[in-house]
Amino acid sequence: MDTVVRFAPSPTGQVHIGNIRTAIFNWLFARHCGGRFLLRIEDTDLERSTRQAIDTLLQCMDWLALSFDGEIMYQTSQREAHINAANQMIAKGLAYAAPPPEGGLSPIFFRIPWDCRDFAAIRDVGPAELELHPETPVKIDFTGVSFSTVSKKGAPMPAAACLAGFRQMKLYDSKGNVVFELEKEIDGIIRDKQPFTLNSCVKMTFMRREIFYKDIIKGELSKPLDGIKDLIMVRSDGSPVFHLANVVDDVTQNVTHIIRGDDHVENTYRHIMLFYALGRKPPEYAHLPMIVNSSGKPYSKRDGDAFVGDFREKGFLAEALFNYLALLGWSPGDDREKMTKQEMIEAFTLERVKSAPAQLDSNKLLNMNGAYIAEMPFEKFVDYAGNYAGNFSKDVKFEQVARLMQSRVKQFGQVATWKYFFSDDFPVDEKVFKKQLASAEARAALGFLAGELNSRSELTKEWLHGIISKAEENFGIAHGKLFQPLRLTVSGAAGGAELDETIMLIGGSRCAARISRSLEIYQKEASPGE
RNA sequence: GUCCCUAUCGUCUAGAGGCCUAGGACACCGGGUUUUCAUCCCGGCAACGGGGGUUCGAAUCCCCCUGGGGAUGCCA
């Protein structure tokens, strides 16, 4: 059978970084196997799902080149199939309607099957024994069992689970007499909805069973049935719940591998039973570790930084973000990090995915983005940078500036700092400004340079180097030490491109004016009140 | 509370009982190239959470503890 995976987000707002990482892993896996990568939009939460959110999602996927196969499936369009599936399960005795707590309409529950012969994922663990709190009655009815165990301090600890969790259950009174045997009553309980309430029980014994499966990433996982409750499949308003819709859609789309976030591990046990109840073998599962923020906490929907759109706006390249995200929780096993999509596809296997949560390191992302920017074809770089340059991108020398800056840009948002090439109105680093102009010699040398720059119409590198050397000599400044103050007065920044070229691009007289202005400002601030 | 998952440098990771004196990358700190900035090159700092086992031998297997995460919804 061909491999089929799906990305099944619910469109309820921005696209989260963890979400898109799930899409990336699904995509990588599908392309590696030569399988199909489907997109299913789980829009059943009518309150929160919006068309805008769907558009945002599609844009993000398109931006990252996460191409999907076939048509998009909108979950709301499958409602009939969901309800049919529920009815089919009721007919087979695998589900039931239960009266809601305070009258009203009945939700439909899936019954964790008492008899699990057709459910290969369930097995016996062994006999179990529980100490019960005698003051809490044990209640047993067709929806399950509820009781209280005893905490270390002797307090009642309420617990409730499905009937199926308690095969061969026996209840004992304080004298050790068996007061109830579930096996003898189970038919009446399930068929006739006969309820039981047993008081003053102190002990319960039963055969513990568990549901298990092998997660491709996490290995074998299991959970005892006495820790699981029957689950609601259809709400009392008649709408299908996530679990039902999700599984039914996976069945209709013939999904073979479910790759999703760690937070679904617990749901998987129920989903597996739903697959069996629908007469299907469950697919393979792979649960991805979560991505956490720099303080080690999971990104909440409120973490503005974690939206794909934000990374795009700040000037991250889709290829870089893709590459970085792919490396969060996965590695090819050798020392490669910067990889092409094709290389990632070839190297990608779920077995190599880690199972511990990963922290997003913005430094590393930035570095990778810089590496991708550095190797962009120049024309593309200019084009891209133009989007972040505001109106000075229209300047004729924009391209020359871009040529100077490409190797320095790590994130296109930084293009905004190129402003000093085009306008006299640029921010100045105050702290560095004071430090660099503190020396009287430097200020005198700058004054001299301003004069020279003003008197010269044609600038060349040679002339600039000569004049700077001369200034250093004249005012007793160590070789190379005048560059910093000069750079600062001319550009306002401590770093930048080659100074000679920078000055030539800005223009001699303009630089001279900036130097003079800086000297004036420094004088004023150094001697206030004069 | 209960259940489940998880644990290697600050961060992402390599590591399947001897190849580990624990490797790579980012960040950081030095040095070189550039009279300045960035790139580039060289070097440095830096980790197996703690305690018990198993074994001739443990980062690797088991148990306990601790830390972190998740689940415990008529959300998805």
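Here the structure is shown first, and the text comes after it.
Here is what the cut-offs are and how they apply
- Residues numbered from 1 in each chain as written.
- Chains lettered and ligands numbered in written order.
- Predicted model: local features only at pLDDT ≥ 70, side-chain atom pairs only at ≥ 80, totals over all residues.
- Heavy atoms only, no water.
- Near = heavy atom within 4 Å.
- Polar contact = N/O pair within 3.5 Å; in protein donor to acceptor, adjacent residues only side chain to side chain.
- Helix = DSSP H or I, 4+ residues; strand = E, 2+ residues; numbered from the N terminus.
- Axes fitted to C-alpha atoms, helices over the stretch in contact; angles between N-to-C directions.
- Parallel < 35°, antiparallel > 145°, perpendicular 65-115°, else oblique.
- Left-handed = near helix turned anticlockwise from the far one by under 90°.
- Contact = heavy atoms within 4.5 Å.
- Nonpolar A, V, L, I, M, F, W, Y, C, P; charged D, E, K, R; others polar.
- Phe/Tyr/Trp six-rings, centres within 6.5 Å; stacked < 30°, edge-to-face > 60°.
- Buried < 20%, exposed > 50% of the residue type's maximum accessible area, 1.4 Å probe, protein only.
- Lys NZ or Arg CZ within 6 Å of the ring centre and 35° of its normal.

Student: Quick rundown of the protein's contact with RNA strand B? Include the residues and the values.
Tutor: Near RNA strand B there are 57 residues, and of these Met157, Arg235, Gly329, Arg408 and Gly496 occur at the shortest range. For RNA strand B, the fraction of atoms within 4 Å of the protein that belong to sugar or phosphate moieties is 70%. The backbone of Gly329 places a nitrogen or oxygen atom 2.4 Å from a phosphate oxygen of RNA strand B. If you list the elements that add at least two residues to the surface near RNA strand B, you get strand 14 (219-224), helix 5 (242-252), helix 6 (265-277), strand 19 (358-359), helix 10 (362-374), helix 15 (461-474) and helix 16 (483-491).

Student: An account of unusual backbone geometry is needed here, citing residue identities and associated values.
Tutor: Phi at Gln168 takes a positive value of approximately 60 degrees, unusual for a residue other than glycine. Residue Lys193 is not a glycine yet carries a positive backbone phi of 55 degrees. With respect to the helices and strands, Lys193 occurs in the loop between helix 4 (182-192) and strand 12 (196-198).

Student: So what's going on with the packing of helix 5 against helix 6? Residues and values would help.
Tutor: At a closest axis distance of 10 Å, the pairing of helix 5 and helix 6 adopts a crossing angle of 55 degrees. Here helix 6 runs oblique to helix 5, going by the angle between their axes. As for the relative orientation of helix 5 and helix 6, their crossing is right-handed in sense. In this structure, helix 5 contributes Phe242, His243, Leu244, Asn246, Val247, Asp250 and Val251 to the contact, and helix 6 contributes Asn267, Arg270, His271, Leu274 and Phe275. A breakdown of the residues in the contact of helix 5 with helix 6 according to their chemical character gives 6 nonpolar, 4 polar and 2 charged.

Student: Account for the packing of aromatic side chains, naming residues and giving values.
Tutor: Scanning all chains against the criterion turns up 26 aromatic pairs. With centroids separated by 5.3 Å and ring planes inclined at 40 degrees, the aromatic side chains of Trp330 and Phe348 adopt a geometry described as tilted. You can see Trp330 sitting in the loop between helix 8 (318-326) and helix 9 (341-347) and its partner Phe348 sitting in the loop between helix 9 and strand 19, a full 18 residues away along the chain. Here Trp330 and Phe348 have matching classes, each one buried. Residue placement shows Lys203 over the ring face of Tyr172; its charged tip is 4.6 Å from the ring centre. The side chain of Lys341 reaches across the aromatic face of Phe322, ending 4.5 Å from its centre.

It is worth stressing that arrangement in space is one thing and function is another; only the former is reported here.
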